[in-house]
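Coordinate analysis (summary)
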Number of protein chains: 2
Amino acid sequence: MATIQDVAKAAGVSAMTVSNVINGHPNVRPATRERVLEAVDRLGYRVNVAARTLRRGRTGTIGLAVPEINRPYYGRLAASIIAAAARHGLRVSIEQTDARRENELAALSLSRNRLYDGLILSTVGMGPADVGALDVDHPVVILGERIFGGPVGHVAMPNEAASEAATRHLVERGCRRIAIVCGRLGGEADVSSLRHAGYLRALAAAGLPADPELVVTTESLTMREAARGVRERMAYGLGFDGVFCVTDTVAMGVLRALADAGVRVPEQVRVIGFDNVDESAYLVPSLSTVDPDHDLMAERAVALLTARIDQGGPGPEREEFTGPFRLVVRESTGG
Amino acid sequence: MATIQDVAKAAGVSAMTVSNVINGHPNVRPATRERVLEAVDRLGYRVNVAARTLRRGRTGTIGLAVPEINRPYYGRLAASIIAAAARHGLRVSIEQTDARRENELAALSLSRNRLYDGLILSTVGMGPADVGALDVDHPVVILGERIFGGPVGHVAMPNEAASEAATRHLVERGCRRIAIVCGRLGGEADVSSLRHAGYLRALAAAGLPADPELVVTTESLTMREAARGVRERMAYGLGFDGVFCVTDTVAMGVLRALADAGVRVPEQVRVIGFDNVDESAYLVPSLSTVDPDHDLMAERAVALLTARIDQGGPGPEREEFTGPFRLVVRESTGG
DNA sequence: CTCTCCGTTTGTATCGATAAAAAGCTGCCA
DNA sequence: TGGCAGCTTTTTATCGATACAAACGGAGAG
């Protein structure tokens, strides 16, 4: 594989001149540039990114750590982030954490290896006890909830407001006993707790009682667990006429469980989700949901990160951005 | 940020000894190892991957280029590949090509920048004219179809056989006018053409005529295009009682279009897909499909790639692996 | 005809880690 | 006590690109 030295020799110039040409520096005579480019072409020279990285101290790559890329929401997110990063001239390397605390911590420390210029992390498993890990000395942006401190950027969804709007929509469509399907409620600032809070607010605003029996908690936010949770709940009879699902993936599990029980949607039960993944519009019935503008969130996350990268350190203080949302009404709530 | 030199100084040893400790080399006295580890810990030392890469000539990262990570099949694939790569001690960097030829070519040349030790590429846009681009001098594994030459590894699905089995399944369930929804048929070895061939074989074996009107081709294999294609076809009346969809994503679009037209599945029309993505089991009706064992394919792709990486060059000759498949029968074919 | 000045080019040092080879050290045996 | 074998540790050189400063060369001024 040709090096910059080889090119220099072939073009009859010094390595520095080749470097200057490659990097588009001014003050290179056109004739020289020509000669160098011709040699680059002839030898099929490609810059060695490792060497450049070592010298410059930048890798040109950012890390993205998500629980599992194989979930519609994270796939959607990753696609947007890769596109946004490309606009900033950065590549994206993906780590899967399986939503496990130790893997999230490992991702944080990996980015300390200078493997990435910065890290975008979707925390799910870490808790307040890990606040120390967020006291980082390199650029980090947390995507999602469970933030607790440290000099990191933070991009969040409008969880409470959007959940309240989604639940209110069910109320407006005539639902009186509205269930919520969510993950475990730890009382912390995780996705389920925040969205649960919005759900409660909507109930209160409508003057509806908050029946604990209508809160279905699952081990994880997967289709399988959601379906299982709803089936168990229905074993005691259909006690609800509306369901707010904390994610669209959860909603898919719920729709399946309702279908298995012969419950018609939206006639008997109305269902609404959260995320507006691509599949939601094509389900039968199509799924009403909250659309959080993934592209904007991704763009902001990358922008917050590049700002921190450009200023060299982790960034001095905490920065936050909460995205907008839009209710998308479809068949599952009587569209 | 502390370097290996700083650690060496702090521990009162040479940099080499620190390196030996870090890399778990034998012949380091336990007491020394202790001292070094203590210093590493105290200074918060992390190895600089760029420097290591420069010296070793390996990056420890492989590239994965797919059309769009935000499609269930590619998400599923990426998840498996990331897991498989992790088992081989490798990280994965993802590029999105948007199924466009020039981006696929760019991915091939990027991997030449020594950014990756090797590349796994899902070709969709490239054609036989680009055979020259595959005459690579570094490790490459092509995933999927449209292979045409060059010293690359190749992992393929059992397209024809599985498509034939899927179509035969429809025949066995009593379908007599079976449609296929696929992408453009260029006559080349792309996914649509191969699966279309399997479909034709099954029809021939069953003594059914191959009616060109039953071939619905779409611009791209997305839910949107598939739904559009089926709607257009049905504008002239429902002329089929079974549909073989070349991917599950296509099937989702088809199911939606059928629902819009008030056609009942499987009573009036039976539908089968290909890929067995996670969502398929939860659709209503749940989708019969072909399960190609993604984990195995991913493991093989990574194994082919690491073999090529370990032997230094692109690898001498062409290697192929075609996975197994399994028919998964669910509600959409009368399960 | 010589001297500056400025645009261009080059030499040198360096980023941090590690392979390979050389040098130190121990302990053991003759 | 000398010498050797075998473990440990250090020295040296290098991976390839680039920042910086110094050197070069040609044009125009005096």
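In this report, the structure presented in the accompanying data block is examined. What you see is a predicted model; the values in this text were computed from it and never measured.

Looking now at the sheet that holds strand 5 (residues 153–156) of chain B. Pairing is mixed in the open sheet, where 12 strands are placed in the order 11(A)-5(A)-4(A)-3(A)-1(A)-2(A)-2(B)-1(B)-3(B)-4(B)-5(B)-11(B). One side of each edge strand has no neighbouring strand; the edge strands of this open sheet are strand 11 (319–322) of chain A together with strand 11 (319–322) of chain B. Each neighbouring strand pair of the sheet contributes to a mean axis angle of 20 degrees, computed without reference to strand direction. Direction of pairing for strand 4 (residues 140–143) of chain B relative to strand 5 of chain B: parallel, over a ladder of three bridges. What sits directly across from B:L143, in strand 5 of chain B, is B:V155. Contacting strand 2 (91–96) of chain A together with strand 1 (61–66), strand 2 (91–96), strand 3 (118–122) and strand 4 of chain B, helix 5 (residues 72–87) of chain B crosses the sheet at an angle of about 155 degrees to strand 2 of chain B. This element, helix 11 (residues 294–310) of chain B, spans strand 1, strand 3, strand 4, strand 5 and strand 11 of chain B of the sheet and lies at about 175 degrees to strand 5 of chain B.

Now for helix 10 (residues 248–260) of chain A. All names here are of chain A. Under the 1.5 Å per step criterion, the end-to-end length of helix 10 is 18 Å for 13 residues, consistent within 8% with the ideal 18 Å. Extensive coverage of helix 10 is indicated by the burial of 11 of its 13 residues. For helix 10, the set of buried residues is D248, T249, V250, A251, M252, G253, V254, L255, R256, A257 and L258. Tucked inside the fold, the buried residues of helix 10 contact helix 5 (72–87), strand 6 (178–183), helix 9 (223–234), strand 8 (242–245), strand 9 (270–272) and strand 10 (289–291). Where helix 10 starts, the residue carrying a side-chain oxygen 3.3 Å from the main-chain nitrogen of T249 turns out to be T247.

Summed over the entire model, instances satisfying the criterion amount to 34 salt bridges over all chains. Between B:R177 and B:D211 there is a salt bridge, and its shortest N-O distance comes to 3.2 Å. Placement of B:R177 in the loop between helix 7 (159–172) and strand 6 (178–183) and of B:D211 in the loop between helix 8 (191–205) and strand 7 (215–218) is noted, with a sequence separation of 34 residues between them. B:R177 gets classed as partly exposed once you look at its relative accessible area, which sits at 34%. Salt bridges sharing common partners tie together A:R231, A:R256, A:D260 and B:E331.

Let's shift gears to the side chain of A:E279. One can find A:E279 in the loop between strand 9 and strand 10. The side chain of A:E279 is buried and forms no salt bridge, while A:R76, the nearest opposite charge, is found at 8.2 Å. Discounting residues that sit within four places of it in the chain, A:E279 has contacts with A:P72, B:P72, B:M223 and B:M252.

This brings us to the side chain of B:T249. Residue placement: B:T249 occurs in helix 10 (residues 248–260). The residues touching B:T249, leaving out its near neighbours within four places in the chain, are B:P72, B:L221, B:T222 and B:M223.

Let's shift gears to the packing of aromatic side chains. Residues and elements named next belong to chain A. Counted under the stated rule, the structure contains two aromatic pairs over all chains. A ring pair is formed by Y73 and Y74, whose centres lie 5.0 Å apart and whose planes are at 65 degrees; its orientation type is edge-to-face. When sorted by exposure, Y73 lands in the same class as Y74, which is buried. Above the face of the F274 ring, R195 is positioned so that its terminal group lies 3.6 Å from the ring centre.

With that settled, the discussion passes to the protein's contact with DNA strand D. The immediate surroundings of DNA strand D are formed by 25 residues, with A:I4, A:Y45, A:R52, B:M16 and B:T32 found nearest. If you look at DNA strand D and keep only atoms within 4 Å of the protein, 62% of those are sugar or phosphate atoms. A:N23 places a polar side-chain atom, nitrogen or oxygen, 3.3 Å from a phosphate oxygen of DNA strand D. B:R29 is positioned such that a nitrogen or oxygen atom in its backbone is 3.2 Å from a phosphate oxygen of DNA strand D. If you list the elements that add at least two residues to the surface near DNA strand D, you get helix 2 (15–22) and helix 4 (49–56) of chain A together with helix 2 (15–22) and helix 4 (49–56) of chain B. Per-element accounting of the surface near DNA strand D gives the leading share, five residues, to helix 4 of chain A. Within the surface near DNA strand D, the residues separate by chemical class into 11 nonpolar, nine polar and five charged.

This part is about the protein's contact with DNA strand C. Taken together, 26 residues surround DNA strand C, and among them A:M16, A:T32, B:I4, B:Y45 and B:R52 come closest. Counting only atoms of DNA strand C within 4 Å of the protein, the fraction found in sugar and phosphate groups is 62%. A distance of 2.3 Å separates a phosphate oxygen of DNA strand C from a polar atom in the backbone of B:I4. Interatomic distance of 3.2 Å between a backbone N/O atom of B:N48 and a phosphate oxygen of DNA strand C. Listing elements by their share of the surface near DNA strand C, those giving two or more residues are helix 2 and helix 4 of chain A together with helix 2 and helix 4 of chain B. Tallying contributions element by element places helix 4 of chain B first for the surface near DNA strand C, with five residues. Tallied by class, residues from the surface near DNA strand C come to 11 nonpolar, nine polar and six charged.

What follows covers the environment of A:A99. All names here are of chain A. Secondary-structure assignment places A99 in the loop between strand 2 and helix 6 (101–110). The class for A99 is partly exposed, based on a relative accessible area of 25%. With 70 residues separating them in the primary sequence, A99 and H169 have C-alpha atoms 31 Å apart. Among all residues touching A99, those that are not within four sequence positions of it are P67, E104, V124 and G125.

Mapping chain A onto chain B calls for a screw motion: a turn of 180 degrees about the axis and a shift of 0.1 Å along it, with 0.2 Å RMSD after fitting. Taken together, the turn and the small shift mark the pair as related by a two-fold rotation axis. By C-alpha distance to the rotation axis, the residue of chain A lying nearest is A:S93, at 2.0 Å. Both copies present the same face, since 100% of the interface residues in chain A are matched by interface residues at the equivalent positions in chain B.

The rules behind each value
Residues numbered from 1 in each chain as written. Chains lettered and ligands numbered in written order. Predicted model: local features only at pLDDT ≥ 70, side-chain atom pairs only at ≥ 80, totals over all residues. Heavy atoms only, no water. Pairing = 2+ DSSP bridges. Helix = DSSP H or I, 4+ residues; strand = E, 2+ residues; numbered from the N terminus. Axes fitted to C-alpha atoms, helices over the stretch in contact; angles between N-to-C directions. Contact = heavy atoms within 4.5 Å. Expected span 1.5 Å × (residues − 1). Buried < 20%, exposed > 50% of the residue type's maximum accessible area, 1.4 Å probe, protein only. Polar contact = N/O pair within 3.5 Å; in protein donor to acceptor, adjacent residues only side chain to side chain. Salt bridge = Lys/Arg side-chain N within 4 Å of Asp/Glu carboxyl O. Lys, Arg positive; Asp, Glu negative; His and termini not counted. Phe/Tyr/Trp six-rings, centres within 6.5 Å; stacked < 30°, edge-to-face > 60°. Lys NZ or Arg CZ within 6 Å of the ring centre and 35° of its normal. Near = heavy atom within 4 Å. Nonpolar A, V, L, I, M, F, W, Y, C, P; charged D, E, K, R; others polar. Least-squares fit on C-alpha atoms with pLDDT ≥ 70 in both.

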